[in-house]
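# Architecture and fold: a report
One letter stands for each residue in the lines below.
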Amino acid sequence: MDNLVEVKDIYFKRGDTLIYEDVSVQVPRGKVTAIMGPSGCGKTTLLRLIGGQLKPQKGSIRFADYEITKLGRSQLFEARKRMSMLFQSGALFSDLTVFENVAFPLREHTDLPADIIATVVKMKLEAVGLRGAGTLFPQELSGGMARRAALARSIALDPELIMYDEPFAGQDPISMGMLVKLIRSLNSTLGLTSIVVSHDIHEVMSIADHVVILANKTVVGQGSPEELKQNGNALVQQFLQGEPDGPVPFHYPASEYKSDLLAGGRAK
Amino acid sequence: MNFFINIGRNTLNTLRGVGAASIMLFQALVGKPQPRKMFPLLIRQLYVVGVQSMLIILISGLFIGMVLGLQGYTILVDFGAEQALGPMVALSLLRELGPVVTALLFAGRAGSALTAEIGLMRATEQLSSLEMMAVDPLRRVVAPRFWAGFISMPLLALMFSAIGIYGGFLVGVQWLGVDDGAFWSVMQASVEWQNDIMNGVIKSLVFAIVVTWIALYKGYTAAPTSPGISAATTQTVVYSSLAVLGLDFILTAVMFG
Amino acid sequence: MEMRKIELLVGVFISVAIAALIFLALQVANQSNALRGETYTLYAKFDNIGGLKVRSPVKVGGVVVGRVASIELDSEYFEPVVEMRISNKYAKFPETSTASILTSGLLGEQYIGLEPGFMDDDIFVLADGDSIFNTNSAMVLENLIGQFLFSQGDD
């Protein structure tokens, strides 16, 4: 299989906290890859590693022809022109209108004349259903609209790879449905490769071609949604079924309950 | 023992901070200039940093000049030397109060705003998002703000001194009756272009670099949380005020000592 | 805000700053052109320079014509040598001119008072790099008192 992104044997520590012990992930070209896992397992960190904003202590990350971990600053900027990322908050520039936000990457990286930029921006806004909202400022948009506007901005330069960081978090069912549809349709119409980080299992399973489950600082399951459902790993099953207790315990590690209570006021 | 460990740790942390801040400034300012892209950004920042600080600078300058006129007169009149009011007001403004008070007000007005703005851009992932769009936030966000501060501060200090001298004139001549001609001519006899006005401008340029640099660095490295940004804003005002006062002593010793 | 309005306000800002600079330059700063523009150098040796400093004014009849550029000790005779920069506007002092170190007022600063001497056919005009030979040193209070007491004792 042809992989656009290949993450190999990553070891990553932030400060004194070990985030990844030994993580390898393949992202097939032209497919939607979902990265799932319990909160705090470092899903977003993986996106930042691929984007080169963080550097792992060990291991390699390949994107297209680039070895991200070895790039200098200017080469990294070259590589980033071919990928884009949709941030959880949307990260629209608050001092620019929606139209100018979408036009921003075009103005930065191309020398296109104003009327062509306007045409491209309108096309991108139409694709996310916000052509009528071009003159609004980000603070006038609802959460779902802001995310769609940010999506229009991230596809402005027709990247090869688009990374969605928690695209469904905090969305109502209607805008969630819109985003699911958008991610799927953009992927097929523009020939993109998508990485979706999320823990909304049902939405993700419905659009993903390839699913990676991260837990305990490593990959616990990888494959198509059907393969994962058959996966024997207890942790994978707990995550997919959403059971409150299992390999990921309900209780934070603590001393023995009875003796702690008997100890009175002193926490143990 | 712990005392020395603390000193060592604090020194190392300070050095690390200065090093990181220097690298940030270097990366922001060194590189291929892009005048066509930079110029509109610079104009916008001149507006935010300069124009919006103008009112507070003019009002403070006027009042400080008026107070200098009043205080100077009451002291000088005892020696029958009220003609020396002109040089006293002009020299204290041009050499000291103009650059220093402007820098302190600038740190409070524009510096804290810069820190908060950049800190918020960090917190709302706008800086990360710029990076992922292959736009260097140091060149795009930090550099125009730095130049705007560098250009604005000496201009603001000149305004401060000019309007302060006018305030001293209002109180000394119009109100207290110091002779009009003597006020200006004695002032002109003792104020020198190179020694007094230009040295004040040089001071002001140094303060501009320090205050803007601290504000940008604190904003850029602020923890992306509400307490993080508020702490960074406070630190900007405290550190830049201390730096301005300390540097002022050194510069004064070198220039007029 | 609209870009045009921002540009306008920044323009106003810069203009106010330039106006302030012009005000400071014309109304506040020293306008005597004695040190600006072209100058020439004269030297004078004194026995004692008193409180004379670098940048002290050189005056003729109260008009500032130049400034003291440097003060050094002659390595041979251990006499202070004062270098003066005089504006080219005031050239052609005869070599019979006298330089004295004077005090403005009772407690004021010290300056060099230049007194032009008589002019005659066989008398040269002081040019760049020349020295003034007729000099009067600064008065030192202790010496004055000493002389006064000495002359009292003589009577």
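Residues numbered from 1 in each chain as written. Chains lettered and ligands numbered in written order. Predicted model: local features only at pLDDT ≥ 70, side-chain atom pairs only at ≥ 80, totals over all residues. Heavy atoms only, no water.

## Observations regarding the packing of aromatic side chains
Taken as a whole and judged by the stated rule, the model has 11 aromatic pairs over all chains. With centroids separated by 5.4 Å and ring planes inclined at 75 degrees, the aromatic side chains of F3(B) and F4(B) adopt a geometry described as edge-to-face. Comparing F3(B) with F4(B), the two get one shared label, exposed. Chaining the aromatic ring pairs together yields one cluster made of Y166(B), F169(B), F183(B), W184(B) and F23(C). Across from the ring centre of Y11(A), 4.5 Å away, lies the NZ or CZ of K58(A), which sits over that ring. When the ring centre of Y220(B) is taken as origin, the NZ or CZ atom of R122(B), which lies over that ring, is 4.9 Å away. (Phe/Tyr/Trp six-rings, centres within 6.5 Å; stacked < 30°, edge-to-face > 60°. Buried < 20%, exposed > 50% of the residue type's maximum accessible area, 1.4 Å probe, protein only. Lys NZ or Arg CZ within 6 Å of the ring centre and 35° of its normal.)

## A look at the domain arrangement of chain B
All names here are of chain B. The domain boundaries assigned to chain B delineate domain 1 (1-30) and domain 2 (35-256). Centre-to-centre separation of domain 1 and domain 2, based on C-alpha positions: 26 Å. Listed as interface residues are 10 residues of domain 1 and, on the opposing side, 10 residues of domain 2. Both sides together, the interface formed by domain 1 and domain 2 hides about 930 Å², and carbon and sulfur atoms give 80% of it. Summed over the shared surface of domain 1 and domain 2, the number is zero salt bridges. At the junction of domain 1 and domain 2, the tally comes to two residue pairs in polar contact (both at pLDDT 80 or more). Of the residues that constitute the side of domain 1 that touches domain 2, the class distribution is seven nonpolar, three polar and no charged. (Domains from an automatic or database assignment. Contact = heavy atoms within 4.5 Å. Buried area = accessible area lost by both parts, 1.4 Å probe. Salt bridge = Lys/Arg side-chain N within 4 Å of Asp/Glu carboxyl O. Polar contact = N/O pair within 3.5 Å; in protein donor to acceptor, adjacent residues only side chain to side chain. Nonpolar A, V, L, I, M, F, W, Y, C, P; charged D, E, K, R; others polar.)

## Notes on the interface of chain B and chain C
Interface size is commonly expressed as the accessible area that is lost once the parts come together. Between chain B and chain C, the residue contacts involve 27 residues of the former and 23 residues of the latter. In this assembly, chain B packs against chain C so that about 2300 Å² is buried in total across both faces, 78% of it on carbon and sulfur atoms. It is Y47(B), Q188(B) and W193(B) in chain B that bury the most area against chain C; as a group they hold 24% of the surface buried on that side. Along the contact surface separating chain B from chain C lie one salt bridge. Across the pair E192(B) and R67(C) runs a salt bridge, and its minimum N-O distance is 3.9 Å. There are one residue pair in polar contact (both at pLDDT 80 or more) connecting chain B and chain C.

## What about the pattern of salt bridges?
Residues and elements named next belong to chain B. Considering all chains together, one arrives at 18 salt bridges over all chains under this definition. Note that R145 is salt-bridged to E117, the shortest N-O span being 2.9 Å. Of this pair, R145 sits in helix α5 (residues 137-175) while E117 sits in helix α3 (residues 85-123), and the two are 28 residues apart along the sequence. Note on R145: relative accessible area 7%, which makes it buried. Salt-bridge contacts for K203 lead to D248; the nearest nitrogen and oxygen are separated by 2.9 Å. You can see K203 sitting in helix α7 (residues 193-220) and its partner D248 sitting in helix α8 (residues 226-256), a full 45 residues away along the chain. (Helix = DSSP H or I, 4+ residues; strand = E, 2+ residues; numbered from the N terminus.)

## Section: the sheet that holds strand β2 (residues 57-60) of chain C
Residue and element names in this part refer to chain C. Read from one edge of the open sheet, eight strands run β7-β1-β4-β3-β2-β6-β5-β8, paired in mixed fashion. The strands lining the two open edges of the sheet, one partner per strand, are β7 (131-132) and β8 (134-136). In this structure, strand β1 (residues 39-45) lies alongside strand β4 (residues 80-87), joined through seven bridges in antiparallel fashion. Residue pairing for β4: K45 is matched across the bridge by V81. (Pairing = 2+ DSSP bridges.)

## Focus on the arrangement of the chains
Between all two pairs of chains that are in contact, chains B and C come out with the most contacts. Taking C-alpha atoms only, the smallest gap left between chain A and chain C, which are not in contact, amounts to 9 Å.

## A look at helix α2 (residues 35-76) of chain B
If you check α2(B), its first and last C-alpha atoms are just 53 Å apart, much less than what 42 residues at 1.5 Å a residue would give, namely 62 Å. The largest bend in α2(B) amounts to roughly 40 degrees and is located at M54(B). (Expected span 1.5 Å × (residues − 1). Bend = angle between axes of the 7 residues up to and from the residue.)

## Some words on the interface of chain A and chain B
Listed per partner, the contact involves 25 residues of chain A and 17 residues of chain B. Summed over both partners, the interface of chain A with chain B buries about 1900 Å², with 53% contributed by carbon and sulfur atoms. Together, R73(A), F77(A) and E108(A) form the three largest contributors to the area buried by chain A at its contact with chain B, with a combined 27%. Connecting chain A to chain B are three salt bridges. Salt-bridge contacts for D136(B) lead to R73(A); the nearest nitrogen and oxygen are separated by 2.9 Å. Across the chain A-chain B interface, the total number found is nine residue pairs in polar contact (both at pLDDT 80 or more).

## Observations concerning the domain arrangement of chain C
Domain boundaries in chain C define domain 1 (1-28) and domain 2 (39-140). A C-alpha centroid distance of 44 Å is found between domain 1 of chain C and domain 2 of chain C.

## Let's talk about the packing of α5(B) against helix α6 (residues 180-190) of chain B
Residues and elements named next belong to chain B. With their axes 10 Å apart at the nearest point, α5 and α6 run at an angle of 145 degrees to one another. Considering how the two elements wind past one another, α5 and α6 form a crossing that is right-handed. Side by side, α5 and α6 meet where I165, G168, F169 and V173 of the first sit next to D180, F183, W184 and M187 of the second. For the contact of α5 with α6, the class distribution of residues is six nonpolar, one polar and one charged. (Axes fitted to C-alpha atoms, helices over the stretch in contact; angles between N-to-C directions. Left-handed = near helix turned anticlockwise from the far one by under 90°.)

## Here's the deal with the confidence of the model for chain B
For chain B, mean pLDDT is 91; residues scoring 70 or higher make up 100% of the total. At the level of individual helices and strands, chain B shows its lowest average pLDDT in α6(B), which scores 82, and its highest in α8(B), which scores 94. (pLDDT = per-residue confidence, 0-100.)

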